[in-house]
Amino acid sequence: MTRSRFFFNSSVIRQNLRQHGWIGIIYTLALLFALPLQMFMNGDPNAKPQTVQNLFFVGGEIQMLFVVTVPVAAGLFLFRYLQAKMPSDLWHSLPLRREHLLVSHTVSGLILLLVPIWLTGAVTAIVQPLDSNMYIYTGSDVLEWCLTLSILTLFLFIFSMFVGICTGQTVLQGAVIYILLLLPVMLLQLVNEHFGMYLYGYPRWYGAQAHMEVWSPILHMIYVNTNAFSAGDLWMYSALSVLLFALSVILYRRRHGEKAGQAIAFTYFNPLFKAGVMFCAMLISGTYFAQLKQLQLGWIIAGNLAGALIGYIAAEMIIRKTWQILTRRVPLEFAGYTLLLGLLLYIPVSGISGYENRVPALEKIEGVYAGSDYAANDAYLNNTNPNISKEDPFTKDRNYIEAVRKLHLAVAAARPEIPANNSYSDYRQFYLSYRLDNGRIVQRSYLIPTAGFEPELKAVMESEGYKRKAYMLSRLDGDIEGFRLDNYNKALSLSDPQEVKEFKEILKREILNMTYEDQNQRLLQPPYASIQIMSKPDATGYQLYYAYEWQSSFKELGAWLEQKGYADRIRTQPGDIASAEIILDNYNDQLPAAERYDAERHLQLARSEKRSAVIQDADAIADILENQRYYKAESGDYLVKLVYKEGRTDYVTLQKQDLTPAVKAILP
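Source: prediction; values computed, not measured.

## Things to note about the environment of Val-359
Among the secondary structure elements, Val-359 is positioned in the loop between helix H13 (329-349) and strand S3 (365-371). Relative accessible area serves as the criterion here: at 15%, Val-359 is assigned to the buried category. The spacing of Val-359 and Arg-444 is 85 residues in sequence and 9.6 Å in space, taken between C-alpha atoms. Excluding residues that lie within four positions of it along the chain, Val-359 makes contacts with Arg-405, His-408, Leu-409 and Tyr-434.

## Side note on the UniProt feature "domain: DUF6449" (unreviewed entry) in the protein chain
Following the UniProt record, the feature "domain: DUF6449" (unreviewed entry) maps to residues 434-536 here. Between the end C-alpha atoms of residues 434-536 the distance is 34 Å, and the span holds 39% helix and 31% strand.

## Quick word on the sheet that holds strand S6 (residues 480-487)
Sheet architecture is open: 4 strands sit in the order S7-S6-S8-S9, paired in antiparallel fashion. Looking at the sheet topology across the chains shown, the edges are occupied by strand S7 (490-494) and strand S9 (545-550). The mean angle between the axes of side-by-side strands here comes to 25°, regardless of whether they run parallel or antiparallel. With 5 bridges joining them, S6 and S7 adopt antiparallel strand pairing. Each bridged residue has a counterpart across the sheet, and for Phe-483 the counterpart in S7 is Leu-494. Its contacts with the sheet place helix H18 (residues 497-512) against S6, S7, strand S8 (529-535) and S9, and it is angled at close to 65° to S6.

## Here's the deal with the packing of helix H11 (residues 270-292) against H13
When two helices pack together, their arrangement is given by the angle between the helix axes and by the axis-to-axis distance. Interhelical geometry of H11 versus H13 gives an angle of 60° and a closest axis separation of 10 Å. Relative to H13, the element H11 is oriented oblique. Taken as a pair, H11 and H13 cross one another with a handedness that is right-handed. Listed contacts from H13 to Pro-271, Lys-274, Ala-275, Met-278, Phe-279, Met-282 and Leu-283 of H11 are Arg-329, Glu-333, Phe-334, Tyr-337, Thr-338, Leu-341, Gly-342, Leu-344 and Leu-345. Looking at the contact of H11 with H13, its residues break down into 11 nonpolar, 2 polar and 3 charged.

## Looking at H11
The terminal C-alpha atoms of H11 lie 33 Å apart, and with 23 residues this matches the ideal 33 Å at 1.5 Å per residue to within 8%. As for H11, its buried residues are in contact with helix H8 (170-198), helix H12 (297-320) and H13. Following H11 by one or two positions, Gln-294 has its phi on the positive side, about 50°.

## Observations concerning the pairing of S8
Consecutive residues of a regular strand have side chains that alternate between opposite faces of the sheet. Most of S8 is tucked away: 5 of the 7 residues are buried. With 6 bridges joining them, S6 and S8 adopt antiparallel strand pairing. Bridging from a neighbouring strand, Asp-486 pairs with Ser-530 of S8. Pairing analysis gives 6 bridges linking S8 to S9, with the strands arranged antiparallel. Bridge pairing in S9 links Met-534 to Tyr-545.

## Looking at the pairing of S7
Side-chain alternation along S7 places Lys-490, Leu-492 and Leu-494 on a buried face and Ala-491 and Ser-493 on a face that remains uncovered. Remark: 2 residues form the turn of the hairpin made by S6 and S7, two consecutive strands paired antiparallel; Tyr-488 in that turn has positive phi of roughly 55°.

## Some points on the packing of aromatic side chains
Each aromatic ring pair is described using two quantities: the centre-to-centre distance and the angle formed by the ring planes. Scanning all chains against the criterion turns up 23 aromatic pairs. Each ring, one from Phe-155 and one from Phe-159, has its centre 5.9 Å from the other, and the planes form 20°; the classification is stacked. You can see Phe-155 and its partner Phe-159 sitting in helix H7 (residues 139-166), 4 residues apart, about one turn around the helix. The burial state of Phe-155 is the same as that of Phe-159; both residues are buried. On the basis of an interplanar angle of 80° and a centroid distance of 5.4 Å, the ring pair of Tyr-268 and Phe-269 is categorised as edge-to-face.

## Digging into the side chain of Glu-356
Inspection of the secondary structure assignment puts Glu-356 in the loop between H13 and S3. Of the residues examined, Glu-356 reaches a relative accessible area of 15% and is grouped as buried. For Glu-356, the side chain forms a polar contact with the main-chain nitrogen of Tyr-200, separated by 2.9 Å. Here the side chain of Glu-356 touches Arg-415 through a polar contact of 3.0 Å, side chain to side chain. If we ignore the near neighbours within four places in the chain, the residues touching Glu-356 are Tyr-198, Leu-199, Tyr-200, Ala-412, Arg-415 and Tyr-446.

## Digging into the pattern of salt bridges
In this structure the tally under the stated criterion is 29 salt bridges. One salt bridge in this structure joins Arg-329 and Glu-333, with 2.9 Å as the shortest N-O distance. Here Glu-333 and Arg-329 lie together in helix H13, a separation of 4 residues that amounts to about one turn. For Arg-329, a relative accessible area of 39% puts it in the partly exposed group. Each of Lys-274, Glu-316, Arg-320, Arg-329 and Glu-333 takes part in salt bridges that share partners, so that together they form one network.

## A look at unusual backbone geometry
Leaving glycine aside, a negative phi is the common case for residues, and trans is the common case for peptide bonds. The phi torsion at Met-472 lies on the positive side, around 50°, for a residue other than glycine. Looking at the secondary structure, you find Met-472 in the loop between helix H17 (464-470) and S6.

## Side note on the packing of H11 against H12
Relative to each other, H11 and H12 sit at 150°, their axes nearing to 7 Å. Considering only the axes of H11 and H12, their crossing is right-handed.

## Here's the deal with the sheet that holds strand S14 (residues 649-654)
The strand order across the open sheet formed by 5 strands is S11-S10-S13-S14-S12, and the pairing between neighbours is antiparallel. Because the sheet does not close on itself, it has two edges, and the strands there are strand S11 (612-615) and strand S12 (629-630). One ladder, built from 7 bridges, connects strand S10 (residues 577-584) with strand S13 (residues 638-644); its direction is antiparallel. Note that in S13 the partner of Ile-577 across the bridge is Tyr-644. Along the sheet, helix H23 (residues 618-627) contacts S10, S11, S12, S13 and S14; its crossing angle with S10, the most-contacted strand, is approximately 70°.

## Regarding the environment of Ile-218
Within the fold, Ile-218 resides in helix H9 (residues 217-222). According to the relative accessible area criterion, Ile-218 is buried, its value standing at 9%. Distance in space between the C-alpha atoms of Ile-218 and Gln-443 is 28 Å, their sequence separation being 225 residues.

Thresholds applied
Chains are numbered independently. Their residues run from 1 in the order of the written sequence. Local features in this predicted model are restricted to residues whose pLDDT is 70 or higher, and side-chain atom pairs enter the listing and the counts only when it is 80 or higher, whereas totals over whole chains, interfaces and linings include all residues. Derived side-chain values reflect all non-hydrogen atoms in the structure, with water molecules and hydrogen atoms excluded from consideration. Under the DSSP-based scheme used, a helix requires at least four consecutive residues in state H or I and a strand at least two consecutive residues in state E, with every element numbered from the N terminus. Relative accessibility under 20% of the residue-type maximum defines a buried residue, over 50% an exposed one, and the middle range a partly exposed one, all with a 1.4 Å probe and only protein chains included. Contacts are assigned to residue pairs that have any heavy atoms within 4.5 Å of one another. UniProt positions are given in the numbering used here, feature names are shortened, and annotations may be inferred rather than shown by experiment. At least two DSSP bridges between two strands are required for those strands to pair. Axis angles are defined between N-to-C directions and span 0 to 180 degrees, where every axis is a line fitted to C-alpha atoms and, for a helix, only to the segment in contact. Between 65 and 115 degrees an angle is taken as roughly perpendicular, under 35 as roughly parallel, over 145 as roughly antiparallel, and anywhere else as oblique. Crossing handedness is read from the near helix: turned anticlockwise from the far helix by less than a right angle, it gives a left-handed crossing, and turned clockwise, a right-handed one. Any residue that is not Ala, Val, Leu, Ile, Met, Phe, Trp, Tyr, Cys, Pro, Asp, Glu, Lys or Arg is counted as polar, Gly included; the first ten are nonpolar and the last four charged. Between the first and last residue of a helix there are one fewer steps than residues, each counted as 1.5 Å, and that sum is the expected span. The rule is short: rings of Phe, Tyr and Trp, with Trp giving its six-membered ring, pair when the centres are within 6.5 Å, and they are stacked under 30 degrees, edge-to-face over 60, tilted in between. Distance and chemistry together define a polar contact, namely a pair of N or O atoms within 3.5 Å, with one atom able to donate a hydrogen and the other to accept it when in protein, and with adjacent residues in sequence counting only for side-chain atoms on both sides. For this document, the term salt bridge refers to a Lys or Arg side-chain nitrogen within 4 Å of an Asp or Glu carboxyl oxygen.

Dropping the structure here:
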């Protein structure tokens, strides 16, 4: 017996290479253009060669543009004979078993696709030492590039072949390939929106949407620059390729030749296809109408029914290849699908799961994070960006964990209503993240009003664990060369090692000593200045950037700057102000909604009634600068227009309790 009886037929392979050899030629030219040629294309004649973390950085996304298209095209052309009656009859009339045909076409495709990759890798290795090469890399980088691209190409080609066996039309095969490759991400986004609308506490930003690119091979390839394929990813795609090939062999044996030209080659896939199309249509339509009409029950039901109907009609027309789909069984079948899919959408967001009231038990919690920016501490994101801190976001202090639990329990029980026009300073965005003893991460997200939850918020926000994460104190523990204080056109740099050390320690103490009231106050009052750290560059030349604020509550820091003679050089002084105009602002009711936040319109109305006063007194201006708040356009507050000598204008607010005798004496 010859090998051809058991594995493949060499004549079929030769015929494929003669007929479809252009695919391999195009792939070779495309990869040579996308990698070795890009290494010598640089518009800057003075540019120096740069080291790359991997060869996917070269040429941007051009490489992946070819990788996500050519293997799929090869699958479409090589298995085109399955989708047309005459070629199908011809190939299946040959004295070859179906396994021979499948393996022979698969081997043909792999020769057309893998040889260009290895050839490009060889050229890339050969040109590596040339002087005009603008990139520095090693042989292992070339090997890694070849291995990664070979596995991805193999997966896409095998997947294209598998879809081709399951479908009966080439156009539909191409469409289904890309739809299925993107479907996980699309579904995750739709489900994320669905959960975000109906589940109280669901972290929409950090829910199913987080890290979504890894769920789509195409998106993962596009973002390969920032999220390289790990060894686990490559093993997964290799395993999937083997699995899909095995399924292809099984299904190809059962595929009837007359299915060429039909939408789906296997009738038992029809219910899955209908349900999938209807489910996606219901999610899209239901989410759209729910957001459009503010979660009104009637619109939610109507939106889901409309989506189900559109999805069912589209699926039926594709399967039957006609728009005349109305039969006696259609209404009953539609009702059955709609009922089942409706339950599938409803049950996860109903109270049955207990999601909204579920708070992990204290003894099962290993660490906790509470704050508004979990992403900055996320281990996955930090791994994808090597220049971001790898600090563990979780705190293990048991008292802090218990304080966060109590806040979570209080919010979950009260479920406070959040008005549409809520004020930023009256609410706190909290991501609550628990790491359990079994390794699971439990995430919740809440917008918590400061009024009504003071004891719980105070216990959390005055904890050292909260402040260390919320204010990124770890950035102050790094190798800092100096600080730069900025306040509009004023700037001050601290570079003396002793001053830097003293300033850093005082700043850390000030942040750790902030009370709950101090932390709320920073949302109302502008800081005196921005404090930027100037860290030493690491081995790659990256310089960490982070900024803090000089708050009015930082008394020790202010005294230190005063002692050094720096405070007056950075803080706004009364001498910087040309004039200050003040009014009692009660004009919201006299202005249309579009002009309600236009401070100048408020001033114009006050001037027309002769109820404004211009302040020139230095003591009064100093009091205004000390007590100023962000402008909020609320009735009963005092609006102050500050005109700086440099020409800048600023609008700030004073409340009644902020008025000093010097300011009161000038009020109109």
